[in-house]
Amino acid sequence: MDLPTERKPKLSERVASSIRQQVLKGEIQAGEKLPTESRISEFFGVSRTVVREAIATLAADGLVEPRQGAGVFVKDHPTIAFGAISLDASNKISHALNVIEVRMGLEIESAGLAALRRNSAQEAQIQEAFFEFDRLLERGESTGKSDFAFHRAIAAATNNPYYVEVLDALGLRAIPCDVSSPWGTESALSREYQKGLQREHLVILQAISGSDPEAARAAMRAHLTASQERYRARLSGQQAAWGAARRDA
């Protein structure tokens, strides 16, 4: 039996991790502008596409902020430490379970509050993210950003900025159906898997649109619990594989 192999970090993840460590060590200060894309590319010996992916990861985690025509700046933001945990934990499924546990504590209540507090513009944002997920799925493209946008729009609809702030700290990498997630697998990226997620999203959306906070909480709880169970099954599978490999050794 083949031993389970560790997923090697992508070049973009290595670049993002290096920049993050420089920020955490104070080598790059909050509010400071990062070197240009070409300078970073030259320094790390990678393509500019890799650099853009690294910057996108850091931006999704709330560490940096691209400003049109001005460059990329380090944010003076309390989510830095949270983001560092997310990156340092790499692709351990146990960490994914920890992230979902935090999300359950956050998003179940945010769904209920969104059902009570959202305005028409906020409801439209939730719907837009939902339908964008559908469009991307039909085109066979990554749905991770639209998935995160859906959950973020719900957090925004609470009209409590701290819900958004904490969700931003977890970042896009918390969404397993995104190719940049360290916990994404072929099964998580499959069309059937994502169609199942969308069915769960629809129940959440309908409860919020129906101004039913209890139904919204229940739908979000069911959605995140299902994700939790899927990760636990993967973890059990890995542990069983390791146990069998040790017995065969």
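Residues numbered from 1 in each chain as written. Predicted model: local features only at pLDDT ≥ 70, side-chain atom pairs only at ≥ 80, totals over all residues. Heavy atoms only, no water.

## A closer look at the pattern of salt bridges
Side chains carrying opposite charge are able to pair once their charged atoms draw close together. For the structure shown, the criterion picks out 11 salt bridges. In this structure, the salt-bridge partner of Glu123 is Arg118, at a minimum N-O distance of 3.2 Å. As far as the burial class goes, Glu123 and Arg118 line up, both buried. One connected set of salt bridges, linked through shared partners, spans Glu37, Arg48 and Arg52. (Salt bridge = Lys/Arg side-chain N within 4 Å of Asp/Glu carboxyl O. Buried < 20%, exposed > 50% of the residue type's maximum accessible area, 1.4 Å probe, protein only.)

## Looking at the packing of aromatic side chains
Inspection of the entire model under this criterion finds three aromatic pairs. Centre to centre, the rings of Phe43 and Phe44 are 5.0 Å apart; their planes meet at 85°, and the pair counts as edge-to-face. A relative accessible area of 64% means that Phe43 is categorised as exposed. Measuring from ring centre to ring centre gives 5.3 Å for Phe130 and Phe131, while their planes differ by 85°; the resulting arrangement is edge-to-face. Classification of Phe131 by relative accessible area gives partly exposed; the value is 44%. The rings of Phe130, Phe131 and Phe150 are connected pair by pair, giving a single aromatic cluster. The residue whose ring lies beneath Arg67 is Phe73, and the NZ or CZ to ring-centre distance is 4.1 Å. (Phe/Tyr/Trp six-rings, centres within 6.5 Å; stacked < 30°, edge-to-face > 60°. Lys NZ or Arg CZ within 6 Å of the ring centre and 35° of its normal.)

## Observations regarding the nonpolar core
With 24 residues, the main nonpolar core has Ile126, Phe150, Ile154, Ile204, Ile208, Ala216 and Met220 as its most contacted residues. The set of elements that each furnish at least two residues to this core consists of α5 (93-117), α6 (120-138), α7 (144-156), α9 (191-209) and α10 (213-248). Those residues in contact with Ala216, other than ones at most four positions away along the chain, are Ala111, Gly112, Ala115, Ala207 and Ile208. Ranked by size, the runner-up nonpolar core spans 17 residues in total, among them Ala16, Ile28, Val46 and Val74. (Core = buried A, V, L, I, M, F, W, Y, C linked by side-chain atoms within 4.5 Å. Helix = DSSP H or I, 4+ residues; strand = E, 2+ residues; numbered from the N terminus. Contact = heavy atoms within 4.5 Å.)

## Looking at the packing of α6 against α9
Two quantities define a packed helix pair, namely the angle between the axes and the distance from one axis to the other. α9 packs onto α6 with a crossing angle of 165° between their chain directions and a minimal axis gap of 11 Å. With respect to their mutual orientation, α6 and α9 come out roughly antiparallel. Helix-helix and strand crossings are classified by hand; for α6 and α9 the assignment is left-handed. Facing α6, whose interface residues are Glu123, Ile126, Gln127, Phe130, Phe133, Asp134, Leu137 and Glu138, α9 presents Arg191, Gln194, Lys195, Leu197, Gln198, His201, Leu202, Leu205, Ile208 and Ser209. Here the contact of α6 with α9 is built from residues that sort into eight nonpolar, five polar and five charged. (Axes fitted to C-alpha atoms, helices over the stretch in contact; angles between N-to-C directions. Parallel < 35°, antiparallel > 145°, perpendicular 65-115°, else oblique. Left-handed = near helix turned anticlockwise from the far one by under 90°. Nonpolar A, V, L, I, M, F, W, Y, C, P; charged D, E, K, R; others polar.)

## Quick word on the environment of Glu200
In this fold, Glu200 is placed in helix α9. Sequence-wise, Glu200 and Ala222 are 22 residues apart; in three dimensions their C-alpha atoms are separated by 7.9 Å. Not counting residues up to four positions away in its chain, the partners in contact with Glu200 are His223, Ala226 and Arg230.

## Some details on the pairing of strand β1 (residues 64-67)
Taken residue by residue, a regular strand's side chains alternate between the two faces of the sheet. Both β1 and strand β2 (residues 71-74) contribute to a ladder of four bridges, which runs antiparallel. Bridging across to β2, Arg67 finds its partner in Gly71. Connecting the antiparallel pair β1 and β2 is a turn made up of three residues, with Gly69 showing a positive phi of about 75°. (Pairing = 2+ DSSP bridges.)

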